[in-house]
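Residues per chain, in single letters:
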Amino acid sequence: GGLDPFRLPAGVVPTRYDVRLTPSLDDSSFTGSVSVQLEVQTPTVTLVLNAAELDVESCTVNGASADFTLDEETERLFVHAADEVTAGPSTLAVG
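Residues numbered from 1 in each chain as written. Predicted model: local features only at pLDDT ≥ 70, side-chain atom pairs only at ≥ 80, totals over all residues. Heavy atoms only, no water.

1. So, a nonpolar patch on the surface
Then, in step 1: On the surface, a cluster of nonpolar side chains totalling about 520 Å² of accessible area is made up of Tyr17, Val19, Leu21, Phe30 and Leu54.
Then, in step 2: Positionally, Leu21 belongs in strand 1 (residues 12-24). (Patch = residues over 30% accessible without salt bridge, like charges linked within 9 Å, V, L, I, M, F, W, Y side chains within 5 Å. Areas by Shrake-Rupley, 256 points an atom, 1.4 Å probe, with all protein chains shown as cover. Salt bridge = Lys/Arg side-chain N within 4 Å of Asp/Glu carboxyl O. Helix = DSSP H or I, 4+ residues; strand = E, 2+ residues; numbered from the N terminus.)

Structure representation (structure tokens):
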């Protein structure tokens, strides 16, 4: 089956989020970044996250730059790692 637009795919579980935000009170917005500690249960090259109304400038997987696409219809961020993300702990950073 295809990707369910209402559920994130199984196989990668976030275990910790480190979020840094800088609010802009003038225009009711914010800038920031997040580092997500992941437990990868099923090796993959694509990580999928919820990303409603966000502008993303960069992504890294385990410190390596990664391509990404934002799907506004499903409000998903697809992060495409340069190499397969193997089972075990990993880190995703989004800025």
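2. Points about the pairing of strand 7 (residues 76-85)
On a regular strand, one side chain projects to one face of the sheet and the next to the other, so that they alternate.
Then, in step 1: Here six bridges tie strand 3 (residues 44-50) to strand 7, and the two strands are oriented antiparallel to one another. The residue bridging Val48 from the neighbouring strand is Phe78, located in strand 7.
Then, in step 2: Where strand 6 (residues 67-71) meets strand 7, five bridges bridge the pair, whose relative direction is antiparallel. Within strand 7, the residue paired with Phe68 across the bridge is Val79.
Then, in step 3: Count of turn residues in the strand 6/strand 7 antiparallel hairpin: four residues, of which Glu75 carries a positive phi of about 55 degrees. (Pairing = 2+ DSSP bridges.)

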